[in-house]
Amino acid sequence: MTFEQNSENFSRQLFGIIVVLLLSFCIANFIIGLKWIDKTYPGFFFYDNLVITDISPTTVNGDKLKRFNDKVVLVNGEKVSTPEDVHGIIGTHSVGETVDYTIARNGRYFDVAIPVEKLTATNLLLIFGVIYLIGVVFFTIGAFVIYIKPDELASKAFFLFCTALGIWFVGSFDAQATYYFDKITFFAMIFSPVFGIYLMFIFPSDTKIKEKSRYFATLPFLILSLLIYGLMILFFDSYNTWKIANMSIWIYLLLSAAIFPLSSLFTYLRSDSALEKQRAQIIFIGCLLGLILPASAVAGITIFKLNMPYNLMALPVILFPLSIAYAIVKHKLFDIDVIIQKTITYGLLTGAVGAVFALMVLTFNMAYAQHGGWKNPAFFLIMSSFLVLALNPLKNRIQGIVDLTFFRKKYDYRKTVEEVSYAMTSLLSIDMIIDKIISVIESTMFSSPVSVAIYNEDTEEYEIYYSSDKTDIDGNKNIEGTNLLVESLNRYKKEIFKEDLIADEKYINRSQELMNEFKRFDASLIMPLFFKKQLIGFIALGDKKSGLTYTSMDITLLRLLANQSAIAVENALAFKLVEDYAKKLELANTELKDTQAQLVHAEKMSAIGQLAAGVAHEIRNPLNIIEGARYYLSTYMTTEENEDVVGEYLEYIKHEVERTNTLIDSLLKFSKAEPPHFERVNVNSVVENVVVLIRKQLSDNNVNLIKNLKDDVPDIMADSNQLWQVFINIIVNAIQEMPEGGDLTIDTSWEVTKSGSTETENVYVSFKDTGSGIEEEDLSKIFNPFFTKKDMGTGLGLSIAYKIIEEHQGRIIVRSEKGQGTVFTIELPSNKNNEVKGEDDG
């Protein structure tokens, strides 16, 4: 087991032990509280040193007793030094009976009479129940965060911070009533700022102070906490010194609490990270609602001497740790902008409506005092009319001011959606679509730079298009389909923020590689373009020029833009494909015409070759006789008288015979076909190539082509050019046999036959038409040279085809029925039978 694994196991075990101890602490304090139900008590609470506590019933408020300032000295004239002394005297009195207390306050003494009370379950819940539950919530939040994010330093610091706060709140009743864990409670209260301040050094930004400096920066607070705690424990029973220590504690807690909003504000103003800004925003709101608001309430209660218990002011404190927990666990916080926006808008709207209401009340009271003032029915009629007619326009006006002032938004969401939808449905050019995407984002989000990547099926890469103010840093405008960024978009099928790479567990393991891709585009957000679950591209957006983060409205608009763009891009690609296919068809048609001309020429030349061979055979025989006669004459008929004349004519005959033989040899060489060049061939491929060339002729003659090509047909050893010639001849004949149109079916198959121990494998290609068919008496003649019943044609096509298939060791099988059509089936030996011959020929 590695050191890291041992460390991880130790951390888990330690975490488990702490959770068990905290749970035991909560249960113990809960049981302590239950035992106090229906028990008599003085009507107020005090610490173990008999100093009045901060949490007591209403009898403590007013001028009778002061929190943290008064100490019980005598009870009914008897001196008391411990809580047991006080409770012993109280236990002798019944509920409602008055008890006299002598109280010490700032060096003077005074008497006060307070009736004995019984601590009911309701009183216990109202006085300490709220604080106890808040403490349990602290434990729960801290444990939840470290469970979700166990490896983050911020989670561990936050857990310790919540643990300290939880012990403080959960142990409050014990510290003021039974004193079993009061020293632990005081310790947690005094040391909670140390954990909180360390947390602020590493969160929301961990760059404010270097790693080693964090501990040195926290050290003064640790020393101060130790000093205050030491003074409190050492001088716990020394009334005057303890008061100073206690006052120091609350000042220390107040100043420490002020660090949280200040640190959040500092991070928001100074950080370049959008994630850190968002975290700082939400923590600042938590501080505002969970610290400043209750602290202000407590100050108001104290200054104005309000008859309200302090413990209820602890309720909003829950919002403070909740805000930090949310910021740690939830790294995408763009919704906070919407919350802030709505809060400010409706807050101002409420203030405006309240101001109008107050002004109208004042006006009616002055103008219609004799008619009931604001209670006059006309007031309610005017106020209702105002709310109906002016409330919504006023809200929109306030929201516009808030957006412009705080969020700097200048785009109309609905108008932008309509513009995007219309534009994307009307564009069929990839370049125009990309320009539109970039221009919409730049004009609404004010993002810079903006880049778009579109998948190219030919290169199997993503081509990058940049905005006008951005050029490619690396000089490579393509991204491979196996790129890590592409794989991540394909896998998770959602946008990726730059902050995700360091905060989302899905990307953390390869965050550096992904960060390099983000740097390549200078991007802070990448939005995928999906069409039917296929990634056809993505949009890379840089930071906003305003420095603000992307809001939920921005993301919603970007997702809509991505969906519309994906459809538009796919339509444009399909349109381009149709255009390219039309060009290819036009080119194929041209090539087909050329090929048809070549076929006609080849057929004519073949006919000439056949004719030349026949003529050569017929001429050579009489030439041989003439040559023999010439030789005989030259031997027996020459005399001295006519030797010169006869010799001259005999030489002339010899010369012409030799010249004619040379001409015949040339004709024979011309008529002799080239031997096939064998190589591995797939008949399906040959058929497909033939169909491409003959498709227009099929269409022009209204012939419907049906292909049944078996995928598992084995390769054969053949000459693909010669097979192409055979298939063309048969298909052209079939088309000519269907002048009114019809169906042409091409089938390929293969079969293994056994004869004894010999196994033969053959491949079959059949051509079935629905033409007029062939007369039965003509079936045996169709492969003869020059046999044809057409007005045009040489009758050599099928003869040539037959000869080619014979040289391939195959055969052509013909089945035809007059008026029903014809089937030509070509049988060719497979690779197994023909491979040896092919290799020898090669």
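### Examining the overall build of the protein
- Along the protein, the regular secondary structure elements total 24 helices and 19 strands.
- For the protein, the proportion of contacts with a sequence separation of at least 24, taken over those separated by at least 6, is 69%.

### Considerations on the pairing of strand β18 (residues 811-817)
- Summarising the sheet, β18 and strand β19 (residues 821-829) pair through seven bridges and their orientation is antiparallel. Residue glutamate 817 lies in a different strand from β19, and its bridge partner there is glycine 821.

### Things to note about a nonpolar patch on the surface
- Residues Leu265, Leu269, Phe284, Leu288, Leu289, Ile292, Leu293, Leu319 and Leu322 make up a contiguous nonpolar surface patch of about 750 Å² in total accessible area.
- With five residues, the top contributor of residues to the nonpolar patch is helix α9 (residues 274-304).
- Assignment of secondary structure puts leucine 269 in helix α8 (residues 239-270).

### Some remarks on the environment of leucine 226
- As for its placement among the helices and strands, leucine 226 is situated in helix α7 (residues 211-234).
- Overall, the relative accessible area of 48% leaves leucine 226 in the partly exposed class.
- With 35 residues separating them along the chain, leucine 226 and phenylalanine 191 place their C-alpha atoms 7.9 Å apart.

### Topic: helix α23 (residues 797-807)
- Among all positions of α23, only Gly797, Leu798, Ser799, Ile800, Ala801, Ile804 and Ile805 are buried.
- The positive-phi residue at the C-terminal boundary of α23 is glutamine 809, with phi of around 60°.

### A word on the sheet that holds strand β2 (residues 71-75)
- Pairing is antiparallel in the open sheet, where four strands are placed in the order β3-β2-β4-β5. Where the open sheet ends on each side, the last strands, each with one partner, are β3 (78-79) and β5 (108-115).
- Here β2 runs beside strand β4 (residues 98-105); their pairing, made up of four bridges, is antiparallel. Bridged to valine 72 within β4 is isoleucine 103.

### Quick notes on the packing of aromatic side chains
- A full pass over the atoms with the stated rule returns 30 aromatic pairs.
- Summarising the aromatic geometry, the rings of phenylalanine 186 and phenylalanine 236 are spaced 6.2 Å apart at their centres and angled 55° between planes, so their arrangement reads as tilted. Highlighted residues: phenylalanine 186 in helix α6 (residues 182-202) and phenylalanine 236 in the loop between α7 and α8, separated in sequence by 50 residues.
- The class for phenylalanine 186 is buried, based on a relative accessible area of 5%.
- Taken together, the aromatic side chains of Trp36, Tyr41, Phe45, Phe128 and Phe173 make up a single cluster linked through ring pairs.
- The side chain of lysine 39 reaches across the aromatic face of tryptophan 36, ending 4.3 Å from its centre.

### Re the sheet that holds strand β9 (residues 478-480)
- What the six strands build is an open sheet, ordered β9-β8-β7-β12-β11-β10; its pairing is antiparallel. Edge positions in the sheet fall to β9 and β10 (496-497), since each has one partner strand and no second.
- The sheet contact formed by strand β7 (residues 450-456) and strand β12 (residues 534-541) spans five bridges and is antiparallel. When the sheet's bridge partners are listed, serine 451 is paired in β12 with alanine 540.
- Across the face of the sheet, helix α15 (residues 484-492) comes into contact with β8 (461-466), β9, β10, β11 (525-531) and β12 while running at roughly 115° to β12.
- Sitting on the sheet, helix α18 (residues 511-521) touches β7, β8, β9, β10, β11 and β12, and the angle it makes with β9 is about 165°.

### Observations concerning the environment of alanine 718
- Secondary-structure assignment places alanine 718 in strand β15 (residues 716-718).
- Sequence separation of alanine 718 and valine 681 is 37 residues, and the distance between their C-alpha atoms is 6.1 Å.
- Those residues in contact with alanine 718 that sit more than four places away from it in its chain are His677, Phe678, Glu679, Val681, Leu723 and His808.

### Observations concerning the packing of α15 against α18
- Direction vectors running N to C along α15 and α18 enclose 105°, while the axes themselves pass 9 Å from each other. On the basis of the axis angle, α15 is roughly perpendicular to α18. Contact residues: α15 offers Leu484, Leu485 and Ser488, while α18 offers Glu513, Leu514, Glu517, Phe518 and Phe521.
- Taken together, the residues of the contact of α15 with α18 break down into five nonpolar, one polar and two charged.

### A look at the packing of helix α22 (residues 720-736) against α23
- Interaxial distance between α22 and α23 falls to 9 Å at its minimum, and their mutual angle equals 145°. At the point where α22 passes α23, the crossing takes the left-handed sense. Seen from α22, the contacting residues are Gln722, Leu723, Gln725, Val726, Asn729, Ile730 and Asn733; seen from α23, they are Gly797, Leu798, Ile800, Ala801, Ile804, Ile805 and Glu807.
- Tallied by class, the residues present in the contact of α22 with α23 amount to eight nonpolar, five polar and one charged.

### A few points about the pattern of salt bridges
- Under the defined criterion, the tally for this structure stands at nine salt bridges.
- Between aspartate 554 and lysine 544 there is a salt bridge; the shortest N-O distance is 2.5 Å. Pair noted here: aspartate 554 is in helix α19 (residues 552-636) and lysine 544 is in the loop between β12 and α19, with a separation of 10 residues, a long-range link. Just as aspartate 554 is buried, lysine 544 falls in that class too.
- Linking glutamate 688 and lysine 707 is a salt bridge whose minimum nitrogen-to-oxygen distance equals 2.9 Å. Note that glutamate 688 is positioned in helix α21 (residues 683-700) and lysine 707 in strand β14 (residues 703-709), a separation of 19 residues in sequence.
- Classification of glutamate 688 as partly exposed rests on a relative accessible area of 30%.
- Among the residues examined, lysine 707 registers a relative accessible area of 34% and is labelled partly exposed.

### Here we look at the nonpolar core
- If you look at the biggest cluster of nonpolar residues, it comprises 48 residues, and the most contacted ones within it are Phe158, Ile190, Leu199, Phe203, Phe260 and Ile324.
- Elements supplying a minimum of two residues to this core: α3 (121-148), α4 (153-170), α6, α7, α8, α9 and α10 (319-329).
- In contact with isoleucine 190, not counting residues within four places along its chain, are Ser225, Ile228, Tyr229, Met232, Ile249 and Tyr252.
- With 40 residues, the next largest nonpolar core counts Val703, Leu709, Val732 and Val765 among its residues.

### A few points about the pairing of β12
- Among the eight residues that make up β12, seven are buried, leaving the element largely enclosed by the rest of the structure.
- Here β11 folds back onto β12, and the loop between the two strands holds two residues, one of which, lysine 532, carries a positive phi near 50°.

The rules we used
- Residues numbered from 1 in each chain as written.
- Predicted model: local features only at pLDDT ≥ 70, side-chain atom pairs only at ≥ 80, totals over all residues.
- Heavy atoms only, no water.
- Helix = DSSP H or I, 4+ residues; strand = E, 2+ residues; numbered from the N terminus.
- Contact = heavy atoms within 4.5 Å.
- Pairing = 2+ DSSP bridges.
- Patch = residues over 30% accessible without salt bridge, like charges linked within 9 Å, V, L, I, M, F, W, Y side chains within 5 Å.
- Areas by Shrake-Rupley, 256 points an atom, 1.4 Å probe, with all protein chains shown as cover.
- Salt bridge = Lys/Arg side-chain N within 4 Å of Asp/Glu carboxyl O.
- Buried < 20%, exposed > 50% of the residue type's maximum accessible area, 1.4 Å probe, protein only.
- Phe/Tyr/Trp six-rings, centres within 6.5 Å; stacked < 30°, edge-to-face > 60°.
- Lys NZ or Arg CZ within 6 Å of the ring centre and 35° of its normal.
- Axes fitted to C-alpha atoms, helices over the stretch in contact; angles between N-to-C directions.
- Parallel < 35°, antiparallel > 145°, perpendicular 65-115°, else oblique.
- Nonpolar A, V, L, I, M, F, W, Y, C, P; charged D, E, K, R; others polar.
- Left-handed = near helix turned anticlockwise from the far one by under 90°.
- Core = buried A, V, L, I, M, F, W, Y, C linked by side-chain atoms within 4.5 Å.

Scope: geometric values only; no functional claims are made or implied.
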